[in-house]
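# Chains, contacts and geometry: an overview
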Amino acid sequence: MEYVLPAILFLIFVAAVYFLPWIIAYYRRHSNLLALFLLNLFLGWTILGWIAALVWAAMKVPKLELGVPLTNLPTQEAERMPCPSCGESISVAAKKCRFCSGEVNSGPSGVEQWQFRPKK
Ligand SMILES: [Zn+2]
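Every value quoted in this text rests on a predicted model; they were computed, and no experiment measured them. (Residues numbered from 1 in each chain as written. Predicted model: local features only at pLDDT ≥ 70, side-chain atom pairs only at ≥ 80, totals over all residues.)

### Some words on the nonpolar core
Here is the rule: Each nonpolar core comprises buried Ala, Val, Leu, Ile, Met, Phe, Trp, Tyr and Cys residues, the members being joined through C-beta atoms within 7 Å. In this scheme every C-beta is placed from the backbone, and a residue whose C-beta has 20 or more other C-beta atoms within 10 Å is buried, one with 12 or fewer is exposed, and one in between is partly exposed. Labels follow the DSSP assignment, with helices taken as runs of H or I lasting at least four residues and strands as runs of E lasting at least two, numbered in each case from the N terminus. Any residue pair is listed as a contact if its two C-beta atoms, each placed from the backbone, are within 7 Å.
Core analysis: the biggest nonpolar cluster contains six residues, these being Trp22, Ala25, Leu36, Leu39, Ala53 and Ala57. When residues of this core are traced back to their parent elements, those giving at least two are helix H2 (20-27), helix H3 (33-43) and helix H4 (47-59). The residues touching Leu36, leaving out its near neighbours within four places in the chain, are Pro21, Trp22, Ala25, His30, Ala53, Trp56 and Ala57.

### Remarks on the packing of H2 against H4
Just so we agree on the cut-off: Under this scheme, a helix contributes an axis fitted over its contacting stretch, all axes are lines through C-alpha atoms, and angles between N-to-C directions fall in the 0 to 180 degree range. Angle categories: roughly parallel below 35 degrees, roughly antiparallel above 145, roughly perpendicular from 65 to 115, and oblique for all the rest. When residues are grouped by polarity, Ala, Val, Leu, Ile, Met, Phe, Trp, Tyr, Cys and Pro land in nonpolar, Asp, Glu, Lys and Arg in charged, and all others, Gly among them, in polar.
Look at H2 against H4: their axes get within 8 Å of each other, and the N-to-C directions meet at 10°. As summarised for this structure, H2 and H4 are arranged roughly parallel, according to the angle between their axes. Here Leu20, Pro21, Ile24 and Ala25 of H2 lie close against H4, whose contacting residues are Trp50, Ala53, Leu54, Ala57 and Ala58. In the contact of H2 with H4, the residues fall into nine nonpolar, no polar and no charged.

### Quick notes on H2
To keep it simple, the criterion reads: Regarding the arc, it is the one traced by the directions from the helix axis to the C-beta atoms.
Taken together, the buried positions of H2 are occupied by Pro21, Trp22 and Ala25. The buried side chains of H2 occupy one side of the element, clustering within an arc of 95° when seen end-on. Those residues of H2 that are buried are in contact with H3 and H4. Arg29 occupies a position one or two residues after H2 and carries a positive phi of about 55°.

Next up, the structure:
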């Protein structure tokens, strides 16, 4: 019985190593997560298949496939506030409104939420 716990831990460790390509792909939000999982599952026992899955997981990263603008990604809804000048929803960390380019004084300073240059 004294070998049960080490055996379980060893199995978890082996499984974690075996599915390492899939884990990497999962945390990188891989675009072909299911296909990579299947490749990892069925060909992972061959060293070549495992390496291929690992390389694949490291290579292809989706480029904003959900259509979310880059400027909106780091900003959560809770971090937004209405612009005092035009009322549009802007980041609380913004120094300048991106809609009316008016100065915004409230909120934490020193954080550049986006690189926006208003048209003149
Ligand atoms: Zn504004």
